[in-house]
Protein chains: 2
Amino acid sequence: MIKADLTGALSFAGDFAPVLDEAKQTLARLLAGSAGVDGTGWLKLPEQMSAVVPAVMSAAQRICADSQVLVVIGIGGSYLGARAAIDFIQSVHYNALKKNTPDVYFVGNNLSGEHLEQVIALIGNRDFSVNYISKSGSTLEPASAFRVFKKRLTDKYGSKGAASRIYVTTDAEKGKLRALTDREGYTSFVIPDDVGGRYSVLTPVGLLPAAVADIDIAAMLDGARDIMENGQDEAARYAALRQALYRAGRKIELLVGFEPSLVSTGEWWKQLFGESEGKNGLGIFPASAQFTTDLHSLGQYIQDGERTLFETFVSAEVPRGTITVIADEALEDGLAPLAGESFSKLNDAARQGTKQAHIDGGVPVIELRLPSYTAYDFGMLVQFFELSCGVSALMTGVNPFDQPGVEAYKKNLYAILGLQK
Amino acid sequence: MIKADLTGALSFAGDFAPVLDEAKQTLARLLAGSAGVDGTGWLKLPEQMSAVVPAVMSAAQRICADSQVLVVIGIGGSYLGARAAIDFIQSVHYNALKKNTPDVYFVGNNLSGEHLEQVIALIGNRDFSVNYISKSGSTLEPASAFRVFKKRLTDKYGSKGAASRIYVTTDAEKGKLRALTDREGYTSFVIPDDVGGRYSVLTPVGLLPAAVADIDIAAMLDGARDIMENGQDEAARYAALRQALYRAGRKIELLVGFEPSLVSTGEWWKQLFGESEGKNGLGIFPASAQFTTDLHSLGQYIQDGERTLFETFVSAEVPRGTITVIADEALEDGLAPLAGESFSKLNDAARQGTKQAHIDGGVPVIELRLPSYTAYDFGMLVQFFELSCGVSALMTGVNPFDQPGVEAYKKNLYAILGLQK
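Read on for a plain summary of the structure. (Residues numbered from 1 in each chain as written. Chains lettered and ligands numbered in written order. Predicted model: local features only at pLDDT ≥ 70, side-chain atom pairs only at ≥ 80, totals over all residues. Heavy atoms only, no water.)

A short note on the overall build of chain A
And step 1. Looking only at helices and strands, chain A features 15 helices and 10 strands.
And step 2. Taken against the 2.2 N^0.38 rule, which gives 22 Å for 421 residues, the C-alpha radius of gyration of chain A at 22 Å falls within 12% of a compact globule.
And step 3. By principal-axis analysis of the C-alpha atoms, chain A measures approximately 65 × 65 × 45 Å.
And step 4. Residues classed as buried in chain A amount to 66% of the 421 residues present.
And step 5. Restricting to contacts in chain A with at least 6 residues of sequence separation, those with at least 24 account for 80%. (Helix = DSSP H or I, 4+ residues; strand = E, 2+ residues; numbered from the N terminus. Rg over C-alpha atoms; globule rule 2.2 N^0.38 Å. Buried < 20%, exposed > 50% of the residue type's maximum accessible area, 1.4 Å probe, protein only. Contact = heavy atoms within 4.5 Å.)

Here's what the structure looks like:
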């Protein structure tokens, strides 16, 4: 189970007991469906999605059997969760490392022509399949990328072959993409109606790319279920402390991991919290960092800059990697006493030393500790953050499950391009 | 030349004229050496470093001739600039793409055992060299990584062979690493005494890894010199506007690129500004984003969250990539009118549409436009930001060239590990 250690932040948070009370009541309303908001289907995903696992696994097995590359086309919540899962559970070097499963490239998440061209070059002559993830099928970035890869599949495999290599994750009934999917006979998966993009990683949106990357998706769901059964209290405590800090003038939260593998979890987390809370002129600004790397860049600001920050550390008991510091008598670098120690031990010391230094410098530090970095842990972390986020956003006084501000730039963009929106 | 378009932010900045005046005077003092601070050697790098180019090029040619991989060991300013240059000028996919120059892996910038193990696996049996970048030679992260790769080089090539493959970039005279370098006969380069890490990308710190990655480092220096000769006014204007916005309550600056290749430029920029300005309880919090990607994650917050943000867009006139939107009659995605248009055109429309939407939503937007994404442009951008940063930090009332807060966590860390600091 995730442990939320609040001791490094409580002294900055004013009178915490009433805020915690409020968080627990808010959570109860959210779970009871009486919070007055739609879009809470993600609460039931850990339970419901078990039924979808066999179909996802079978699609993943087919992709693994006939493809060396899976191209995942999606943006925002249709992209960040799967990438976070692969990096967290496997590695940021997943594509580059030797393995028995396909490379996974993410496209359609920007409008860079170069990025598309380079992914095409990286695929080369290899066999590939496409997972097109879009609720509407008309979002500019993924829709334009799909046009490119649909043509490449058709040129390479013919229309029938292409159709057998296109996996669509979209709305159950609505939208042009569903119609196309049914017409062309694409293998397809459903994004449940009452689950917003940023809460969808435990649907086929995240599960199919993860399964292709050899991730135990059943374990991911088990971890998420564990949170629903045993982690609600921890989630409420984290949500309460965020709000108590926000009300005490802490406007920026920095999610901090101690491994490169957590960088994209930070990106997923920023969408989850930023898009849920950032409305009506309110919301904690979500930023992320990778330590110890960023201690040598943002560290100075964190230690001594404006005192409006707080940090949330995410780490695990079981370390990543076993390599140790080499003994080398010739080196007078002061490290001789560390010969034979594991890098994990150094990393752990850095975490502890940093936590204390930042607290001493006036920065509240919340610590979230996972048992390990497995699929089960990732599932726990996802459900934990989603639950905390729902509670925290409701306490902010906003609707955690809409995103009215995302339309503003699209409206201008479509007008410039002369498109109908 | 870089163009700084301030029109999207001026109306948020109060009375700008006196602040601009202050910026120009501050810049004049900085250039005249009368700002009362040390560490301004970077002002002369565009001029001075031309003399070092031949030696750097000759080392790079040797590495290219005998190595398929260059392992760059460094952290903070000894790592971020080179990575930013390679991604910006070449590509984030530089290592994965086919090319005639070595792969470049960055290690020693964290304490992740897994990261080290995986880079070792990625090197495999290939020939490699090491560029160890450290002023003191005793910083924990790079020093512990150097121990690992020094041993691997020695095991593979013997001590003499290893010594011929180790390139050290360090202090001219001081420090144990200089002593070791001289003793072992490593090829070495100098980090000038009066240039801090975050201002060092145009020294061999950044130049050697860039040159190995087939980057025209002379052009980088030319671009930087162009700023010193013709870009001072633009830099002062950007610095002035940042300060005017900060004084008007804008506490967070988001550096925004529209290409994946700019993500690591954002990381470099965050160190430059965060470490220069974030002290004495002051400083703009530096964050970065990649559009359109992050419009689908942070977009909601930017549009509607707390009104304490401002943005700085970086883009170029000459686009990256020429690929176009495919015509496909079968797709009812609303994109038919775009068939044949370049993705760059879409990306450009997104930039314009976003700028207007964010301004309308109450977010000041500064636009920096480069001619292109070449080595020359990168050199301009570096010197432009360094100049702006020096001025802006001095206007904040802090010393732009020290970093007293970075020591706090190190002290704790070394105490936990039982090391002498």
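Okay, back to it.
Remarks on the pattern of salt bridges
And step 1. All chains considered together, the criterion is met by 52 salt bridges over all chains.
And step 2. The partner of Arg-351 of chain A in a salt bridge is Asp-348 of chain A, and the shortest N-O contact between them spans 2.8 Å. Here Asp-348 of chain A and Arg-351 of chain A lie together in helix α13 (residues 343–360), a separation of 3 residues that amounts to about one turn.
And step 3. Classification of Asp-348 of chain A by relative accessible area gives partly exposed; the value is 26%.
And step 4. Here Glu-317 of chain B and Arg-369 of chain B are joined by a salt bridge, their closest N and O atoms 3.0 Å apart. (Salt bridge = Lys/Arg side-chain N within 4 Å of Asp/Glu carboxyl O.)

Considering the packing of aromatic side chains
And step 1. Within the structure shown, the criterion is met by 41 aromatic pairs over all chains.
And step 2. Ring geometry for Phe-258 of chain A and Phe-313 of chain A: centres 5.2 Å apart, planes at 75°, overall edge-to-face. With Phe-258 of chain A in the loop between β7 (252–257) and α11 (263–277) and Phe-313 of chain A in strand β9 (residues 309–316), the pair connects residues that are 55 residues apart, well separated along the chain. When sorted by exposure, Phe-258 of chain A lands in the same class as Phe-313 of chain A, which is buried.
And step 3. Judged by centre distance (6.4 Å) and plane angle (75°), the rings of Tyr-238 of chain B and Phe-273 of chain B are edge-to-face. In this pair, Tyr-238 of chain B sits in helix α10 (residues 232–247) while Phe-273 of chain B sits in helix α11 (residues 263–277), placing the two residues 35 residues apart along the sequence. An identical accessibility class is assigned to Tyr-238 of chain B and Phe-273 of chain B; each is buried.
And step 4. An aromatic cluster is defined as three or more aromatic residues linked by ring pairs; in this entry it consists of Tyr-238, Trp-268, Trp-269, Phe-273, Phe-384 and Phe-385 of chain A.
And step 5. Over the aromatic face of Tyr-157 of chain A sits the side chain of Arg-165 of chain A, whose NZ or CZ is 3.9 Å from the ring centroid.
And step 6. The lysine or arginine in question, Arg-320 of chain A, covers the ring of Tyr-373 of chain A, its NZ or CZ lying 4.9 Å from the ring centre. (Phe/Tyr/Trp six-rings, centres within 6.5 Å; stacked < 30°, edge-to-face > 60°. Lys NZ or Arg CZ within 6 Å of the ring centre and 35° of its normal.)

Some remarks on the interface of chain A and chain B
And step 1. Chain A puts 116 residues into the contact, and the matching count from chain B is 116 residues.
And step 2. Summing both partners gives a buried area of about 9900 Å² for chain A against chain B, and 63% of it is carried by carbon and sulfur.
And step 3. Along the contact surface separating chain A from chain B lie 10 salt bridges.
And step 4. Across the pair Glu-114 of chain B and Arg-320 of chain A runs a salt bridge whose closest N-O atoms are separated by 2.9 Å. (Buried area = accessible area lost by both parts, 1.4 Å probe.)

Topic: the sheet that holds strand β9 (residues 309–316) of chain B
All names here are of chain B.
And step 1. Across the sheet, 5 strands lie side by side as β1-β10-β9-β7-β8; this open sheet has mixed pairing. The outermost strands of the open sheet, each flanked by one partner alone, are β1 (3–5) and β8 (285–290). Averaged over neighbouring strand pairs, the angle between their axes works out to 20° when direction is ignored.
And step 2. Here 6 bridges tie β9 to strand β10 (residues 365–370), and the two strands are oriented parallel to one another. Within the sheet, the bridge partner assigned to Ala-316 lies in β10 and is Leu-370. (Pairing = 2+ DSSP bridges. Axes fitted to C-alpha atoms, helices over the stretch in contact; angles between N-to-C directions.)

Description of the environment of Glu-329 of chain A
And step 1. Along the chain, Glu-329 of chain A turns up in the loop between β9 and α13.
And step 2. For Glu-329 of chain A and Ala-23 of chain A, which are 306 residues apart along the polypeptide, the C-alpha to C-alpha distance reads 56 Å.

Quick look at the pairing of strand β2 (residues 69–73) of chain B
All names here are of chain B.
And step 1. The buried count for β2 comes to 5 of 5 residues, which makes it a mostly enclosed element.
And step 2. Across the two faces of β2 the burial is the same, with Val-69, Val-71 and Ile-73 and Leu-70 and Val-72 all buried.
And step 3. Note: β2 against strand β3 (residues 103–107), 5 bridges, orientation parallel. Paired with Leu-70 across the strands is Val-104, a residue of β3.
And step 4. Across 5 bridges, β2 lies against strand β4 (residues 128–133) in parallel orientation. When the bridges of β4 are listed, Val-71 appears paired with Val-130.

Some details on the relation of the copies chain A and chain B
And step 1. Superposing chain A onto chain B takes a rotation of 180° combined with a translation of 0.0 Å along the rotation axis, leaving an RMSD of 0.0 Å. Taken together, these values place the two copies in the relation of a two-fold axis.
And step 2. Interface overlap between copies is the fraction of interface residues in one copy that are interface residues in the other; for chain A against chain B it reaches 100%, indicating a shared surface. (Least-squares fit on C-alpha atoms with pLDDT ≥ 70 in both.)

Brief notes about the sheet that holds β9 of chain A
Residue and element names in this part refer to chain A.
And step 1. Read across the open sheet, the 5 strands follow the order β1-β10-β9-β7-β8; overall the sheet is mixed. Single-partner strands in this sheet number two, and they are β1 (3–5) and β8 (285–290). Pairs of neighbouring strands in the sheet enclose a mean axial angle of 20°, with direction left out of account.
And step 2. Of the pairings in the sheet, the one linking β7 to β8 comprises 6 bridges and is parallel in character.

Re the pairing of β9 of chain B
Residue and element names in this part refer to chain B.
And step 1. The element β9 is largely enclosed, with a buried count of 8 among its 8 residues.
And step 2. The two faces of β9 match: Leu-309, Glu-311, Phe-313 and Ser-315 on one face and Phe-310, Thr-312, Val-314 and Ala-316 on the other face are all buried.
And step 3. Alignment of strand β7 (residues 252–257) against β9, held across 6 bridges, turns out to be parallel. Residue pairing for β9: Glu-253 is matched across the bridge by Phe-310.
And step 4. For the crossover from β9 across helix α13 (residues 343–360) to β10, the handedness is right-handed. (Right-handed = clockwise from strand over helix to strand, strands pointing away.)

Here we look at the packing of helix α4 (residues 80–90) of chain A against helix α14 (residues 375–396) of chain A
Residue and element names in this part refer to chain A.
And step 1. One can describe the packing of α4 onto α14 by two numbers: an axis separation of 9 Å at closest approach and a directional angle of 140°. Considering the angle they form, α4 stands oblique to α14. Classified by chirality, the crossing of α14 by α4 is right-handed. The segment α4 lies against α14, with Gly-81, Ala-84, Ala-85, Phe-88 and Ile-89 engaging Ala-375, Asp-377, Phe-378 and Leu-381.
And step 2. Residues that form the contact of α4 with α14 fall into these classes: 7 nonpolar, 1 polar and 1 charged. (Parallel < 35°, antiparallel > 145°, perpendicular 65-115°, else oblique. Left-handed = near helix turned anticlockwise from the far one by under 90°. Nonpolar A, V, L, I, M, F, W, Y, C, P; charged D, E, K, R; others polar.)

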